[in-house]
Structure formats: structure tokens, C-alpha cells
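Listed below, chain by chain, are the residues.
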Amino acid sequence: MADKTVTVEQIGSPIRRKKDQRATLIGLGLNKMRKQSTLKDTPEVRGMIEKLPHLVRVVGDKRE
């Protein structure tokens, strides 16, 4: 079975954000501006991305 991946990039700063938003960024593997992380495309990851639309953006979706 082909695994789908999603690449996200941090576009906002976690300064003056709630602790849960900072923790979500770390969970996505992001901690610095313009850093990108490639993750498996699961409902959990999609939910984390939807929680932070002001801090992250989806760079690319791929099927491998």
C-alpha cells in the first residue's frame, strides 16, 4: 500500500501563543520559522494542521 505524506512549513512564531499551540508545533516537528517537516498523512496530523492555520502551511502532498 502506498503511504501518503504531507509537508508542512512553519510560517508563524509561537511567541505569545498558548502552551497547547506550542506543543502542537513541536508534535509536528517544527520549532523555527521556515522549517519544513514531512509527515505521514493521517487524520491526527491533519487535525494538528487544522488547529494551527495561522502558524503553518501545507507545502506539498505526495503519494509514494
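In what follows, the structure referred to is the one given above.
Within any chain, residue numbers begin from 1 and follow the written order of that chain's sequence. Only residues with pLDDT of at least 70 are given local features in this predicted model, and only at 80 or more are side-chain atom pairs given and counted; all residues enter the totals for whole chains, interfaces and linings. Side-chain measures were taken over the full set of non-hydrogen atoms in the model, leaving aside hydrogen atoms and water.

Visitor: Account for the nonpolar core, naming residues and giving values.
Guide: What makes a nonpolar core is a set of buried Ala, Val, Leu, Ile, Met, Phe, Trp, Tyr and Cys residues whose side-chain atoms join them at distances within 4.5 Å. Burial status follows relative accessibility: with a 1.4 Å probe on protein chains alone, a residue under 20% of its type maximum counts as buried, one over 50% as exposed, and anything between as partly exposed. Of all hydrophobic cores here, the largest spans eleven residues; its members are Val-6, Val-8, Leu-25, Leu-28, Leu-30, Leu-39, Val-45, Ile-49, Leu-52, Leu-55 and Val-56. Secondary structure counts use DSSP, requiring at least four H or I residues in a row for a helix and at least two E residues in a row for a strand, with both numbered from the N terminus. Broken down by secondary-structure element, the contributors of at least two residues to this core are β1 (4-10) and α2 (43-51). Sequence-distant contacts of Leu-39, defined by excluding residues within four places in its chain, comprise Lys-4, Thr-5, Val-6, Val-8, Leu-28 and Val-45. We call two residues contacting when some pair of their heavy atoms lies within 4.5 Å.

Visitor: If you had to explain the environment of Thr-5 to someone new, which residues and values would you point to?
Guide: Position of Thr-5 among the secondary structure elements: in strand β1. Among the residues examined, Thr-5 registers a relative accessible area of 11% and is labelled buried. Spatially, the C-alpha atom of Thr-5 lies 8.5 Å from that of Thr-42, the residues being 37 residues apart in sequence.

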